[in-house]
Amino acid sequence: MRKAVIIGSKRKAEIFEHLLNTVEGFELVGFVDPDDSNNYSMLGEMMFALEIAALGEVFFIDRHVKNLPFEVVCHLVKLGKHLFFDGYRHFNSGELEQLLKFRRESGVVVQIGNVLHNKPLFTSALQLVKKPRYIKLEKHCHPPMAGEFAEWMHTHLFQEIDLIQRTMSSRVRSISARPMFLFGKQTDLLNIHLEFDNDAIAQISAGRAMEPGTYGLKIFQQDRLFLLNFSNHELVEYRNAEHAEQLSLSADFDHPELPPELIKIERQVMPFDTWKMELRNFHENIAQNLSPLTHLEHALEVCNTCEWAIEKIQRKYQDL
């Protein structure tokens, strides 16, 4: 049994306590809430890290924690502690490179869980998707406030860009990005165009100009079209009927208007307990020194893409 510590609120600790009781290998010994000033040592980040490092072997970090200094995370890794992040934290590329260096030196497991790529809808689609050529993401979300564009990108598009890049299995070759101001001074629609080394293309449209409730992914390959509706947790495949020569690009997530020669197949999303799978894998990765399904290298790749897009936009639209 590995002693586990939750870095998060009391409520989050209660949730993790329930989750950890569903798997073997972890003994929850308590939680620390950095957002509570009473738990922070006045002696600084190193002393704080030493204090909490003495409590356990593995640390589960709530994605909602705000006052967790990056230096504390680095100290925990250097002290040989295994980390499980509940989703992507907003680290920049330089911080991720530094954290990767410390992880390699210490040999610990740093796993990122609770991301779109690991959940049933996409894992079911991944069994079917082969060599995609064009991916389109459409998502309705609130517009970014002035000065918060980078945070907005991380909150609303980080997981989705990660999913797109890993589906393409190729490096991003070029990026073009443009905000559109339709109803005022806020960004109502963000368009990002990605081209990959394998000549595949991805198009991202996100913002409040999209119809409310829109949240889905279209994946086109040579003889298939897949619609992933994250709002309704649905997976639909369209394939060519006999003698049909091409796929239409006009599919709508809710009401696809496709040529009659395309056959519609409603695919089953294989249900599984995402958290139980994540926690079991975390324990196995530590015990057998395996690489997590989602790790720091994935975070660094998508962070580089997001920063590239942000730099292109802010160079022209400095107020964002």
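Residues numbered from 1 in each chain as written. Predicted model: local features only at pLDDT ≥ 70, side-chain atom pairs only at ≥ 80, totals over all residues. Heavy atoms only, no water.

Caption draft 1: Representation of the overall build of the protein chain in the model. Along the protein chain, the regular secondary structure elements total 8 helices and 13 strands. Its C-alpha atoms give the protein chain a radius of gyration of 21 Å, within 12% of the compact-globule value 20 Å for 320 residues. A principal-axis box enclosing the C-alpha atoms of the protein chain has dimensions of 70 × 45 × 35 Å. Put simply, the protein chain has 320 residues, and 52% of those count as buried. (Helix = DSSP H or I, 4+ residues; strand = E, 2+ residues; numbered from the N terminus. Rg over C-alpha atoms; globule rule 2.2 N^0.38 Å. Buried < 20%, exposed > 50% of the residue type's maximum accessible area, 1.4 Å probe, protein only.)

Caption draft 2: A look at the sheet that holds strand S6 (residues 134-140). Strand order across the open sheet formed by 8 strands is S7-S8-S9-S6-S10-S11-S12-S13, with mixed pairing between neighbours. Each end of this open sheet is capped by a strand with a single partner; those strands are strand S7 (172-180) and strand S13 (262-267). In this sheet, adjacent strand axes meet at a mean angle of 15° when their direction is disregarded. Across the sheet, helix H8 (residues 296-316) lies against S7 and strand S8 (189-196), angled at about 45° from S7, the strand it touches most. (Pairing = 2+ DSSP bridges. Axes fitted to C-alpha atoms, helices over the stretch in contact; angles between N-to-C directions. Contact = heavy atoms within 4.5 Å.)

Caption draft 3: Representation of helix H2 (residues 45-53) in the model. Phe48, Ala49, Ile52 and Ala53 are the residues of H2 that are buried. Buried residues of H2, viewed axially, fall in a sector of 125°; they line one side. Buried positions along H2 lie against strand S1 (2-7), strand S2 (26-32), strand S3 (58-61) and helix H3 (70-78). (Arc of directions from axis to C-beta.)

Caption draft 4: Seen up close, unusual backbone geometry. One non-glycine residue, Ser169, lies in positive phi territory at about 55°. Note that Ser169 resides in the loop between helix H6 (149-168) and S7. Of note in this structure, Asp199 is not a glycine but carries a positive phi near 75°.

Caption draft 5: Representation of a nonpolar patch on the surface in the model. A surface patch of nonpolar side chains, amounting to about 310 Å² of accessible area, comprises Met46, Met47, Leu50 and Leu79. Checked against the element boundaries, Leu79 lands in the loop between H3 and strand S4 (82-86). (Patch = residues over 30% accessible without salt bridge, like charges linked within 9 Å, V, L, I, M, F, W, Y side chains within 5 Å. Areas by Shrake-Rupley, 256 points an atom, 1.4 Å probe, with all protein chains shown as cover. Salt bridge = Lys/Arg side-chain N within 4 Å of Asp/Glu carboxyl O.)

Caption draft 6: Representation of the packing of H3 against helix H4 (residues 93-106) within the structure. Direction vectors running N to C along H3 and H4 enclose 15°, while the axes themselves pass 8 Å from each other. Overall, the two elements H3 and H4 adopt an arrangement that is roughly parallel. Viewed along their axes, H3 and H4 form a crossing whose handedness is right-handed. Seen from H3, the contacting residues are Phe70, Val73, Cys74, Val77 and Lys78; seen from H4, they are Glu95, Gln98, Leu99, Phe102, Arg103 and Ser106. Here the residues of the contact of H3 with H4 are counted per class, giving 6 nonpolar, 2 polar and 3 charged. (Parallel < 35°, antiparallel > 145°, perpendicular 65-115°, else oblique. Left-handed = near helix turned anticlockwise from the far one by under 90°. Nonpolar A, V, L, I, M, F, W, Y, C, P; charged D, E, K, R; others polar.)

Caption draft 7: Representation of the sheet that holds S2 within the structure. Pairing is parallel across the open sheet formed by 5 strands, whose spatial order is S2-S1-S3-S4-S5. Looking at which strands have only one partner, the edges of the open sheet turn out to be S2 and strand S5 (110-113). Between one strand axis and the next, the sheet turns through 20° on average, direction left out of account. Note that S1 and S3 share 4 bridges and pair parallel. The residue bridging Ile7 from the neighbouring strand is Ile61, located in S3. In the packing of helix H7 (residues 274-288) onto the sheet, contacts are made with S1, S2, S3, S4 and S5, and the angle to S4 comes to roughly 160°.

Caption draft 8: Layout of the pairing of S2. Where S1 lies against S2, 6 bridges are found, and the strand directions are parallel. If you follow Arg2 over to S2, its bridge partner there is Phe26.

Caption draft 9: The arrangement of the packing of aromatic side chains in detail. Evaluation of the coordinates by the stated rule reveals 14 aromatic pairs. Arranged with centres 5.5 Å apart and planes meeting at 80°, the rings of Phe26 and Phe60 form a pair that is edge-to-face. Here Phe26, found in strand S2, pairs with Phe60, found in strand S3; they are 34 residues apart in sequence, far enough to count as distant. Grouping residues by exposure puts Phe26 and Phe60 together as buried. In textbook terms, an aromatic cluster arises when at least three aromatic residues are bridged by ring pairs, as seen for Phe16, Phe26, Phe60, Phe84, Trp275 and Phe282. Above the plane of the ring of Phe102 lies Lys78, whose end atom (NZ or CZ) is 4.7 Å from the centre. (Phe/Tyr/Trp six-rings, centres within 6.5 Å; stacked < 30°, edge-to-face > 60°. Lys NZ or Arg CZ within 6 Å of the ring centre and 35° of its normal.)

Caption draft 10: Region of interest: the nonpolar core. The biggest cluster of nonpolar side chains holds 74 residues, and the ones touching the most others in it are Leu83, Met153, Leu157, Ile164, Ile192, Leu217 and Leu228. Residue contacts for Met153: discarding those within four places in its chain leaves Phe158, Ile161, Leu190, Ile192, Cys306, Ala309 and Ile310. Listed in part, the 16 residues of the second largest apolar core include Phe26, Val58, Phe84 and Val109. (Core = buried A, V, L, I, M, F, W, Y, C linked by side-chain atoms within 4.5 Å.)

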